[in-house]
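# Structural overview for review
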Amino acid sequence: MPRFAANLSMMYNEHDFLDRFAAASSDGFQGVEYLFPYAYDAAELRRRLDDRGLEQVLFNAPPGAWESGERGTAALPGREAETRSGVDRALEYAAALDCPRVHLMAGLVRPDATPGERAEHRDTYLTNLAWAAERADAAGVDILIEPINGRDMPGYFLSTQAEAHAVVQEVGASHLKVQLDLYHCQIVEGDLTTTLRRDLPTGRVGHLQIAGVPDRGEPDQGEFNVRHLLDVVDELGFDGWIGCEYRPRAGTSEGLGWLDDYRSHRAESARG
């Protein structure tokens, strides 16, 4: 059965951040993810995890000036030193939190960038990812890259699954993988069942995320058939985590009926 991680950047906003670990555990989550840990001491975060028996499954490397609108630097020429310093900082936190995955964001590209400029961005991206994957390999951590839809994040360098898999294959590092967010994928290209059946067996997908489409609420409303898709994931034997990266429409706990229903569905299936 798929394992689910609560995204503490989006879920449990009824609580202060450090109290969200306990809230997620009380609702039966065994793992957590979030955007960034760097505002908190790693030892304090580790204590919150250990107190509730939670696993830290994912967080992002430093993304540049997030509050000013930056969304990563890995594909930005001239920002190589900052990118690599951020990777080292992320790997320090990953070691302290025993977290096996770090998402390295590419960054935003001008809409009027020429083909030559986009090629320069891609070359920078590949070089930085190769460097990051080598560092991560030594630490036993996977570096993840995520295609993101242009409606939510206009100008993001990476938007399709094919682009992401081509990058991973070109770099050729065992510790570089794709973060497949089915919310973003549905908005950009759809065909989610075919995407899962095509890409999960490759071993290049290191993490899944879900949310309802189009509003990024709970995944049981809108055009996202969560039970079907989770059954496909289960059928394909994916042994990673599924991050619940959505914004609850009301209270977080009150909106978890979809997860209770799915767990009941799986229990009934197991009984035959």
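See the structure shown above.
Predicted, not measured: the structure shown is a model, and the values here were computed from it.

Attention shifts here to the pattern of salt bridges. With the rule as written, the count across this model stands at 21 salt bridges. For Arg135, the salt bridge is made with Asp88, and the minimal N-O distance between the two is 2.9 Å. With Arg135 in helix H4 (residues 115-139) and Asp88 in helix H3 (residues 80-97), the pair connects residues that are 47 residues apart, well separated along the chain. The exposure class of Arg135 is partly exposed, given its relative accessible area of 40%. The class of Asp88 is partly exposed, set by a relative accessible area of 25%. Taking the shortest distance from any N to any O, the salt bridge between Glu218 and Arg249 comes out at 3.0 Å. Note that Glu218 is positioned in the loop between strand S7 (205-210) and helix H8 (226-235) and Arg249 in the loop between strand S8 (241-244) and helix H9 (257-271), a separation of 31 residues in sequence. Overall, the relative accessible area of 4% leaves Glu218 in the buried class. Classification of Arg249 as partly exposed rests on a relative accessible area of 35%. Ionic contacts of the salt-bridge type, sharing partners, join the residues Asp19, Glu44, Arg47, Arg48 and Asp51 into one network.

So, about the sheet that holds S8. Judged by pairing direction, the barrel is parallel, and its 8 strands sit side by side in the order S1-S2-S3-S4-S5-S6-S7-S8 before closing back on the first. Pairs of neighbouring strands in the sheet enclose a mean axial angle of 30 degrees, with direction left out of account. Here strand S1 (residues 3-7) pairs with S8 via 4 bridges, running parallel. Considered in S8, the bridge of Phe4 is made with Ile242.

Glancing now at unusual backbone geometry. Trans is the prevailing form of peptide bonds, just as negative phi is the prevailing case for residues other than glycine. A cis amide bond links Val213 to the next residue, Pro214, at an omega of 20 degrees. Inspection of the secondary structure puts Pro214 in the loop between S7 and H8. Positive phi is not limited to glycine here, since Asp191 has a value of about 55 degrees. Relative to the assigned elements, Asp191 resides in the loop between helix H6 (182-188) and helix H7 (192-199).

With that settled, the discussion passes to the packing of H3 against H4. H4 packs onto H3 with a crossing angle of 25 degrees between their chain directions and a minimal axis gap of 10 Å. It follows from the interaxial angle that H3 and H4 lie roughly parallel. Here H3 runs over H4; the crossing is right-handed. Every residue of H4 that contacts H3 at Glu80, Thr83, Arg84, Val87, Asp88 and Leu91 is listed here: Thr124, Thr127, Asn128, Trp131, Ala132, Arg135, Ala136 and Ala139. Grouping the constituent residues of the contact of H3 with H4 by class yields 6 nonpolar, 4 polar and 4 charged.

What the rule picks out here adds up to 11 aromatic pairs. An angle of 80 degrees between the planes, with centres 6.2 Å apart, marks the rings of Phe4 and Tyr262 as edge-to-face. Here Phe4, found in strand S1, pairs with Tyr262, found in helix H9; they are 258 residues apart in sequence, far enough to count as distant. Taking relative accessible area as the criterion, Phe4 reaches 5% and is therefore assigned buried. According to the relative accessible area criterion, Tyr262 is buried, its value standing at 2%. Geometrically, the ring pair formed by Phe17 and Tyr34 is edge-to-face, given 5.3 Å between the ring centres and 75 degrees between the ring planes. Of this pair, Phe17 sits in the loop between S1 and helix H1 (20-26) while Tyr34 sits in the loop between strand S2 (31-33) and helix H2 (42-52), and the two are 17 residues apart along the sequence. Take Phe17 and Tyr34: they sit in the same class, and that class is buried. Taken together, the ring pairs in this structure connect Phe4, Tyr246, Trp258 and Tyr262 into an aromatic cluster.

Conventions and cut-offs
- Residues numbered from 1 in each chain as written.
- Predicted model: local features only at pLDDT ≥ 70, side-chain atom pairs only at ≥ 80, totals over all residues.
- Heavy atoms only, no water.
- Salt bridge = Lys/Arg side-chain N within 4 Å of Asp/Glu carboxyl O.
- Helix = DSSP H or I, 4+ residues; strand = E, 2+ residues; numbered from the N terminus.
- Buried < 20%, exposed > 50% of the residue type's maximum accessible area, 1.4 Å probe, protein only.
- Pairing = 2+ DSSP bridges.
- Axes fitted to C-alpha atoms, helices over the stretch in contact; angles between N-to-C directions.
- Parallel < 35°, antiparallel > 145°, perpendicular 65-115°, else oblique.
- Left-handed = near helix turned anticlockwise from the far one by under 90°.
- Contact = heavy atoms within 4.5 Å.
- Nonpolar A, V, L, I, M, F, W, Y, C, P; charged D, E, K, R; others polar.
- Phe/Tyr/Trp six-rings, centres within 6.5 Å; stacked < 30°, edge-to-face > 60°.

Keep in mind these numbers describe shape, not what the thing actually does.
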